[in-house]
Amino acid sequence: MQIILKLTTACNLNCVYCSEGDCAAERLPEEIFYKLVDEMPQLLEHVKSQRVEFLFHGGEPMLYGRDALKKLIDYALENLRDYKVEFLMQTNGTLIDSEWVEFFKREKIDVGISLDGYPEIHDANRRTKNNEPTAEKILSNIKLMREAGLNVGTLMVLNSAQNIDVDKLFDFINENDLQPKIHSVIPCGRASSREDTEQVYDDYVELMKKLLAKSLSLTKPKIIEPLDEIINAILGVSPMHECSFNGSCAKSFICLYPDGETGFCGRDNFSRLLTYGNLREKNLTDLYESANAKKIRARQNYLTEHDCKNCSDWELCHGGCAFEAVNYYGTLDAKYANCQSRKNFLAWLKTEGLQLLKAALIREKTRLRKSIKLKKEFCKEIDNLKVADYIGRT
C-alpha cells in the first residue's frame, strides 16, 4: 500500500503545466498524519499487506522542513514496527543541499527528482516564481546526491508539442547517466485548458519509439520507463507496475491532501474529482471502502464488458489511467482518452520494438562470443608458455 502525502501545496516554482493549479498554500497538520498512522494497521490487515510506502509529495515537499518531516517519520516507524515501512519523496530538486542529502541518507528516503529533459526544454516549463531557470541547479544537486552514494530517480514530463531534439534528449539522458520515467503532459491543473491532447500524445509516442531505438543501439541499453516495463510485460518477464497501465487505481494507493481529504491520485488535488471523504471525520479503512473508491475499482469490470471488451491489449493497458478518463470525459465509465494511439504504440512495440530488441540481443551475443574466444585464445597462449621462456623474456 502506498500513501501519497501531500505535505504542502506550496511550491517555490511556477511550472506551466502544474497539476496543482493555482490553489492556496496549505500544510498537512501533524495530527492528521498521526491519525492516519494509527489507523494504518487496520487498513493493512484489511488489504492483507505487511508493507506501506509513504510518498512525500507536494507542491514542493521539502518546504515542509526537515524537523517537521523527521517527526512524521519517527512516528510512523515507532507505531508501525510490525510492518515494512519505506519512505519516498518526489521533489523538484532545487532546494537540495548537503544537509538534505545527509537527511535522505540517515532516514533512508528514496528520492525522485523532476527533470524535464535537457536545459532548454526543462527551463521552458519549469522556472522559479522569479522566472529563473532551474535545470543547472537540479543537475548540480543530482551530482551532489550521487557523490554521497544516493541513487536518484528522474521523472520527465514532456510537452511534445514543443520542438524536442530527440538526439539531444537521448545524449542528455546518456551523458548524465539518467534512468528516467517519461510521461506526456496531460490537460489538468494549469494545463487544463489545453486542446492539443491527442497531438501531444501522438508526438510523445513517436518520441518514445525513437528513444527505444537509440537505447537498444547501445552495448548497454538505457533503462527508460515505461518502455522497459511494457516490453517486459509483453515478453511475460514481469507484470506492469506503472499505475496508468495496470488498473491499480483505488487498490494500492491512497492520497492524503493537506486539509485531510483523501482520494485516489496525487494529480487530483486541483479538481478533487473523486475524493473518498475526510480523515478528520472518518476511519481510514472506511475511506478505502467509500462509495467513490468502490466506483473507481469497479471501473475495471465495467471496461471489460464495454469499451475494452475483447481487447487484445487489456493485460498491458487495463483501460488506462482512471484519473485521465474522468478528467477528460467527466466519467470513469470510459477508456483511456488516447486509446487508439496507445494501441498503435503497443502494436509497434510487439513488432518493430521486439525486432529492435532481438537485433540488440544478437549483437550482444556476438560480442560476448568474440570476447570469450579472445579470452580462450589468451588463456591457451599462457598455458603454452614455458616458465623458461617467460624468464628469458623478462
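Parameters and conventions
Residues numbered from 1 in each chain as written. Predicted model: local features only at pLDDT ≥ 70, side-chain atom pairs only at ≥ 80, totals over all residues. Heavy atoms only, no water. Helix = DSSP H or I, 4+ residues; strand = E, 2+ residues; numbered from the N terminus. Buried < 20%, exposed > 50% of the residue type's maximum accessible area, 1.4 Å probe, protein only. Contact = heavy atoms within 4.5 Å. Areas by Shrake-Rupley, 256 points an atom, 1.4 Å probe, with all protein chains shown as cover. Lys, Arg positive; Asp, Glu negative; His and termini not counted. Charge placed at Lys NZ, Arg CZ, Asp CG, Glu CD. Core = buried A, V, L, I, M, F, W, Y, C linked by side-chain atoms within 4.5 Å. Phe/Tyr/Trp six-rings, centres within 6.5 Å; stacked < 30°, edge-to-face > 60°. Salt bridge = Lys/Arg side-chain N within 4 Å of Asp/Glu carboxyl O. Pairing = 2+ DSSP bridges. Right-handed = clockwise from strand over helix to strand, strands pointing away. Polar contact = N/O pair within 3.5 Å; in protein donor to acceptor, adjacent residues only side chain to side chain.

Undergrad: So what's going on with the overall build of the chain? Which residues, and what values?
TA: Helix and strand counts for the chain stand at 15 helices and nine strands. In terms of its C-alpha atoms, the chain occupies a principal-axis envelope of roughly 90 × 50 × 45 Å. Out of the 394 residues belonging to the chain, those deemed buried represent 50%. Within the chain, residue pairs in contact and separated by at least 24 positions form 70% of the contacts whose partners lie at least 6 positions apart. Carbon and sulfur atoms make up 49% of the accessible area of the chain, which totals about 19400 Å². Here the chain contributes 54 positively and 59 negatively charged side chains, and the mean placements of these two sets differ by 6 Å.

Undergrad: For the nonpolar core, give the residues involved together with the corresponding values.
TA: Ranked by size, the top nonpolar core spans 98 residues in total, and within it Met 40, Phe 54, Phe 56, Leu 69, Phe 104 and Leu 169 carry the most contacts. The contacts of Met 40, once residues within four sequence positions are left out, are Met 1, Ile 3, Val 52, Leu 80 and Leu 284. Within the second largest apolar cluster, six residues are counted, among which are Ile 4, Leu 88, Cys 255 and Tyr 257.

Undergrad: Which residues make up the packing of aromatic side chains, and what values go with them?
TA: Tallied over the full model, the rule gives ten aromatic pairs. Plain terms: the ring middles of Trp 100 and Phe 103 are 5.5 Å apart, the flat faces sit at 85 degrees to each other, and that makes the pair edge-to-face. Here Trp 100 pairs with Phe 103, and both are found in helix α3 (residues 98-107), just three residues apart, close to one helical turn. For the pair formed by Trp 100 and Phe 103, the shared burial category is buried. Centre to centre, the rings of Trp 100 and Phe 104 are 5.6 Å apart; their planes meet at 35 degrees, and the pair counts as tilted. On the criterion of helical spacing, the pair formed by Trp 100 and Phe 104 is a turn pair, its members being four residues apart in helix α3. Relative accessible area serves as the criterion here: at 6%, Trp 100 is assigned to the buried category.

Undergrad: Break down the pattern of salt bridges for me, with residues and values.
TA: Inspection of the entire model under this criterion finds 18 salt bridges. Glu 39 is the partner of Lys 35 in a salt bridge, and the nearest nitrogen-oxygen pair spans 2.8 Å. Within this pair, Lys 35 and its partner Glu 39 are both found in helix α1 (residues 30-46), separated by four residues, close to a single helical turn. Given the relative accessible area of 14%, Glu 39 is considered buried. For Glu 107, the salt bridge goes to Arg 106, with nearest N and O atoms at 3.6 Å. A relative accessible area of 8% means that Glu 107 is categorised as buried. Salt bridges here are not isolated pairs; linked through shared partners, they connect Arg 51, Glu 53, Lys 84 and Glu 86.

Undergrad: Run through the pairing of strand β2 (residues 51-57), naming residues and quoting values.
TA: The buried fraction of β2 amounts to five of the seven residues, a majority that puts the element mostly inside the structure. Across five bridges, the pairing between strand β1 (residues 2-6) and β2 is parallel. Across the sheet, residue Ile 4 finds its bridge partner in β2, namely Leu 55. A crossover links β1 with its parallel partner β2, the connecting element being α1, and its sense is right-handed. Of the pairings in the sheet, the one linking β2 to strand β3 (residues 84-91) comprises six bridges and is parallel in character.

Undergrad: Give me the side chain of Arg 299: which residues, what numbers.
TA: For Arg 299, the location among the structural elements is in helix α11 (residues 291-305). Within the buried core, Arg 299 has no salt-bridge partner, and the shortest N-O distance to an opposite charge, that of Asp 333, equals 6.7 Å. Within polar-contact distance, the side chain of Arg 299 engages the backbone oxygen of Gly 320 at 3.0 Å. The contacts of Arg 299, once residues within four sequence positions are left out, are His 318, Gly 319, Gly 320, Cys 321, Ala 322, Ala 325, Leu 332, Ala 334, Lys 335 and Tyr 336.

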